[in-house]
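Understanding the architecture of this molecule
Spelled out from the first residue to the last, the chains are:
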Amino acid sequence: LKGQSYLIRCGKVTLPSGCRGVLSPKSSIGRIDVMVRSVVDGCGLYDVIPEYTAATADGVQGSQCAELWVEVTPRSFNVRIYRGLALTQLMILSSSKNGFDMNNDDNEEEKGKGEVSRSDGAMPPLLYGDDEKEIPLNLHN
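Note that the structure is predicted; figures quoted are calculated from it, not measured.

Description of the sheet that holds strand β4 (residues 48-49)
Taking strand neighbours across the sheet as the criterion, the three strands line up as β4-β2-β8 in an open arrangement whose pairing is antiparallel. Looking along the sheet, the strands with just one partner apiece sit at the ends: β4 and β8 (88-94).

Here we look at the packing of aromatic side chains
A complete count under the given rule lists zero aromatic pairs for this structure. Of note, Arg37 hangs over the ring of Tyr46, and the distance from its end group to the ring centre comes to 3.9 Å.

A word on the sheet that holds strand β1 (residues 6-14)
Strand order in the open sheet formed by four strands is β3-β7-β1-β9, and the pairing between neighbours is antiparallel. The sheet is open, and its two edges are formed by β3 (34-40) and β9 (127-128), each paired on a single side. Both β1 and strand β7 (residues 65-74) contribute to a ladder of eight bridges, which runs antiparallel. Residue pairing across strands places Tyr6 opposite Val72, the latter belonging to β7.

Concerning the nonpolar core
Counting residues in each nonpolar core, the largest one holds 11 residues, listed as Val13, Leu15, Cys19, Leu23, Val40, Cys43, Ile49, Ala66, Leu68, Leu126 and Leu127. In contact with Leu23, not counting residues within four places along its chain, are Ser38, Asp47, Val48, Ile49, Leu68, Thr88, Gln89, Leu90 and Met91. Core analysis: the second largest hydrophobic core is formed by six residues, Val34, Val36, Val70 and Leu87 among them.

Considering the confidence of the model for the protein chain
Mean pLDDT for the protein chain: 74, with 65% of residues reaching 70 or above. Contacts for the low-pLDDT stretch residues 101-119, under 50 throughout, to residues beyond four places or in other chains number 22 contacts.

A closer look at unusual backbone geometry
Among all residues save glycine, negative phi is the norm, and among peptide bonds the norm is trans. Although it is not a glycine, Asp33 adopts a positive phi angle of roughly 60°. By the secondary structure assignment, Asp33 is in the loop between α1 (27-31) and β3. At Asp47, a residue that is not glycine, the phi angle is positive and equals roughly 60°. Mapped onto the secondary structure, Asp47 falls in the loop between β3 and β4. Given a relative accessible area of 15%, Asp47 falls into the buried group.

Some words on the pattern of salt bridges
Under the counting rule described, the total for this entry stands at three salt bridges. Residues Arg9 and Glu67 are paired through a salt bridge, measuring 2.6 Å at the closest nitrogen-oxygen approach. Highlighted residues: Arg9 in strand β1 and Glu67 in strand β7, separated in sequence by 58 residues. The partner of Arg75 in a salt bridge is Asp33, with the nearest N and O atoms 3.4 Å apart. Here the residue Arg75 occupies a position in the loop between β7 and β8, and Asp33 occupies one in the loop between α1 and β3, the gap between them amounting to 42 residues.

Focus: the side chain of Thr73
Looking at the element boundaries, Thr73 is found in strand β7. In this structure Thr73 comes out as buried when scored by relative accessible area, which is 9%. Side-chain polar atoms of Thr73 contact the side chain of Ser5, separated by 2.7 Å. Discounting chain neighbours no more than four positions away, the residues touching Thr73 are Gln4, Ser5, Asp33, Val34 and Met35.

Cut-offs used in this document
Residues numbered from 1 in each chain as written. Predicted model: local features only at pLDDT ≥ 70, side-chain atom pairs only at ≥ 80, totals over all residues. Heavy atoms only, no water. Pairing = 2+ DSSP bridges. Helix = DSSP H or I, 4+ residues; strand = E, 2+ residues; numbered from the N terminus. Phe/Tyr/Trp six-rings, centres within 6.5 Å; stacked < 30°, edge-to-face > 60°. Lys NZ or Arg CZ within 6 Å of the ring centre and 35° of its normal. Core = buried A, V, L, I, M, F, W, Y, C linked by side-chain atoms within 4.5 Å. Buried < 20%, exposed > 50% of the residue type's maximum accessible area, 1.4 Å probe, protein only. Contact = heavy atoms within 4.5 Å. pLDDT = per-residue confidence, 0-100. Salt bridge = Lys/Arg side-chain N within 4 Å of Asp/Glu carboxyl O. Polar contact = N/O pair within 3.5 Å; in protein donor to acceptor, adjacent residues only side chain to side chain.

Dropping the structure here:
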């Protein structure tokens, strides 16, 4: 209903070590006058996934899971939200001076140092549903 805010749980988000995320509404959402804000558990800011520094037992820095929620507020008219509808987009930012490359094949010397790609060349999973299964992402370069 217009004027009401709804909080929708999207799943768990896991960013690689040394990365943080910035979320923003898709431009089409603003054109239909719907306000969309994202929040993650443990962060006091909207539209930010902070860089978590979770040390493992052996002292290696790893990634950390956080629940991802989307606040949706239709402002002019009623809307219907359904599973799979793209409301927001995630930009992943690296804090390392070298950044990261999803296809990190060019520089063998840097392989393994904050590498984001898996051995099969695919992006590691970032978002998980209630059943702990990976939610597929649409990646755009």
